Amino acid sequence: MNGSLPPIEATVLVEAVDGLPARLRKKLDDAVARFAGLAVGVDGARYTVAIDDATTVTLLATDGVVRAAADVTCTCLLAPNCLHRAGVLSNAPVGAAAPAPAESVPDQEDDEELGVAQRAAVEQVWRAAVGVLGGGVSGSGTVARTALLRAAHEAQATKVYRLAAAARVVATLLQAARDGDAQHYRLGDLSVAMRELLLAGHALRTGASTELGTARRQYQVEGSLRLYGLCSTAVLAGTGHAGVVTYAADRDGRLWMVADVMPGDARRAARGGDATLAMGETALTHRGFARAGLVVTGATAAESRQLGAGRGVRAVTASGVGWHEEPLAGLWAEPLAAQVRRAFAALAVPVGERAAGGELLFLSVTVRGTDADAVRAEHADGTPLTLRVAVDHQELGYRENLRVLGRAAGLRMLLIGRPDPERPGTVLPLAVAPVEGERWRIEGHADLAFDRLHASQLPQASAGGPAAPAPVAREVHDPVLRLLTAQVERAVAGGRVMLTFRQQSDASRLRRARFEAGAALLERLVAAANDRPRNAFGRLADDDGTAFAQAWLAAATYADAATRALAEASWLPAEAA
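This section reports on the structure supplied with the text. (Residues numbered from 1 in each chain as written. Predicted model: local features only at pLDDT ≥ 70, side-chain atom pairs only at ≥ 80, totals over all residues. Heavy atoms only, no water.)

## Side note on the packing of aromatic side chains
Stage number 1. Counted by the stated rule, this structure contains 2 aromatic pairs.
Stage number 2. Seen in terms of ring centroids, W332 and F362 are 5.2 Å apart; in terms of plane orientation they differ by 70°. Their pairing is edge-to-face. Here W332 is found in helix α11 (residues 329–333), whereas its partner F362 is found in strand β10 (residues 361–371), with 30 residues between them in sequence.
Stage number 3. We classify W332 as buried; its relative accessible area is 14%.
Stage number 4. Clustering of aromatic rings is evident, with ring pairs tying together W323, W332 and F362. (Phe/Tyr/Trp six-rings, centres within 6.5 Å; stacked < 30°, edge-to-face > 60°. Helix = DSSP H or I, 4+ residues; strand = E, 2+ residues; numbered from the N terminus. Buried < 20%, exposed > 50% of the residue type's maximum accessible area, 1.4 Å probe, protein only.)

## Some words on the packing of helix α6 (residues 142–157) against helix α7 (residues 161–179)
Stage number 1. Following both chains from N to C, one finds α6 and α7 inclined at 160°, their axes separated by 8 Å at the closest point. Judged on the interaxial angle alone, α7 and α6 are roughly antiparallel. You can see that α6 and α7 cross each other, and the crossing is left-handed. Across the interface between the two elements, R145, L148, L149, A152, A155 and Q156 of α6 pack against Y161, A164, A167, R168, V170, A171, L174 and Q175 of α7.
Stage number 2. Classifying every residue of the contact of α6 with α7 gives 10 nonpolar, 2 polar and 2 charged. (Axes fitted to C-alpha atoms, helices over the stretch in contact; angles between N-to-C directions. Parallel < 35°, antiparallel > 145°, perpendicular 65-115°, else oblique. Left-handed = near helix turned anticlockwise from the far one by under 90°. Contact = heavy atoms within 4.5 Å. Nonpolar A, V, L, I, M, F, W, Y, C, P; charged D, E, K, R; others polar.)

## Topic: the sheet that holds strand β1 (residues 40–43)
Stage number 1. An order of β1-β2-β3-β4 is seen for the 4 strands of this open sheet, with the pairing classed as antiparallel. Each edge of the open sheet carries a strand with a single partner, namely β1 and β4 (72–74). For this sheet, the mean inter-axis angle between neighbouring strands, taken without regard to orientation, is 20°.
Stage number 2. In terms of strand pairing, strand β2 (residues 46–50) meets strand β3 (residues 56–60) through 5 bridges, oriented antiparallel. From the neighbouring strand, Y47 faces β3, where its bridge partner is L59.
Stage number 3. Set on the sheet, helix α4 (residues 83–90) makes contact with β2, β3 and β4; between it and β3 the angle comes to about 50°. (Pairing = 2+ DSSP bridges.)

## Here we look at the pattern of salt bridges
Stage number 1. Evaluation of the coordinates by the stated rule reveals 27 salt bridges.
Stage number 2. One salt bridge in this structure joins R267 and D265, with 2.8 Å as the shortest N-O distance.
Stage number 3. Of the residues examined, R267 reaches a relative accessible area of 46% and is grouped as partly exposed.
Stage number 4. Linking D560 and R564 is a salt bridge whose minimum nitrogen-to-oxygen distance equals 3.2 Å. Of this pair, D560 and R564 both sit in helix α17 (residues 546–571), 4 residues apart, which is roughly one turn of the helix.
Stage number 5. On the basis of relative accessibility, which here comes to 23%, the residue D560 falls in the partly exposed class.
Stage number 6. It is possible to trace a salt-bridge network through shared partners that takes in D274, R287, R291, D447 and D451. (Salt bridge = Lys/Arg side-chain N within 4 Å of Asp/Glu carboxyl O.)

Put into structure tokens, the structure is as follows:
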């Protein structure tokens, strides 16, 4: 049913759940499961769900979104505070916050101290997040998700923007997890989102940070720019946003980006390459710009070098250059070690604040064959690499294109990709092109999200050729660290109860592998999970969950930092030796 119901504003779901009597809230998750298989009738902006012969829930959408609680009605006698209405709404996708205007000044500076209402909103988000962590995916139903959405709404209303956005990401992933949506949910992604939410909340409530974020991106005038298209890549974010980002370089080799990212799903991302560039008078699509150029006057850009499209911006189409021509060729000339340090430093910065292309690697590689669902490759300097799918969704071309490349053993190519911070020596390719002197039957380069490669487009000497042995990477990734990450993710999946037994063997193995801090943090996490107060009758009593959340946050932060450090070191074996 999720695919048929229209998106709804979070406040619509919150009001419906809040209006339920306590006895009906206990039945809500069962109702959500029952209603999930019901057919949805669509008549223009009117959506109807027949619960039974006498009961029908009707939703009225405005511009494709249900925006007010009054736009959802039920024919039963208990409406509007009925289980039918709340159950149907719980199956609808919660729409992401409306996109901000292209160019504006933030409502509030980040360094202002929190006011009373803001502190209350932070505490509300913290309590909701702690509740979700305590119950895990298996124990956090519609009521817990709604509490998080309610808290996000209050945070947004009091201008605590970053925390509100982080809470919405967790709520979105929770819904995908509960729906069994394997295309949009991965336990690791939810663990990362929960860590970022708790980290932001902890920093605000303890005074370690006063960064509230901004409602709108601030743009500055950059003047005139001569841009050379580089590549386009799909965006499919856990926030419910999708679209395309196109990268370009100026005459000095600095990277800029043009983004078209809005609330949407994988279908919007797949169509993003053919979307018209929203800049000046040009009629270029994003894929067209990636192979051409622009002359921009009155250019504006955010601090991240994301280009704006305000009224004063003028842009006309110009010629582009190949990847082995200047100023693009200089991107591949940067030493690998310098690229790796830059990229991993960028990956540690939130996406919205990351400098355009800061996380990108520009590599010259030779394909060495396939390895299960990955491709083995070798960098020009002899560094062994593993290529994996950047975004694994059937609407996008990444997986099939990687299969084609993997079968072309011996193929030499230029590659743009991102390092995988969770795996050693692994890159997620975004675009590829032939090395200088070789010809493929493609137009310049291939954007792996949008273009579809075929073996006939590659040099015949490579396509289907025998796989050459790839050099063996020196092992710097310690699998013992995965024990800590696994316990962190177990808590997210099943809640606090999953850690209410001793993990001495894991802690001992971590300590033997010289991850002393990791071992201590795991022991602290297990102790916090087991430290439950009891009432006068000896029965377990609930605490507020803060001690457990803080212990989990410490363990999750350490595991992430250690994993990133080891992944980065795997790219630089000579330095790590």
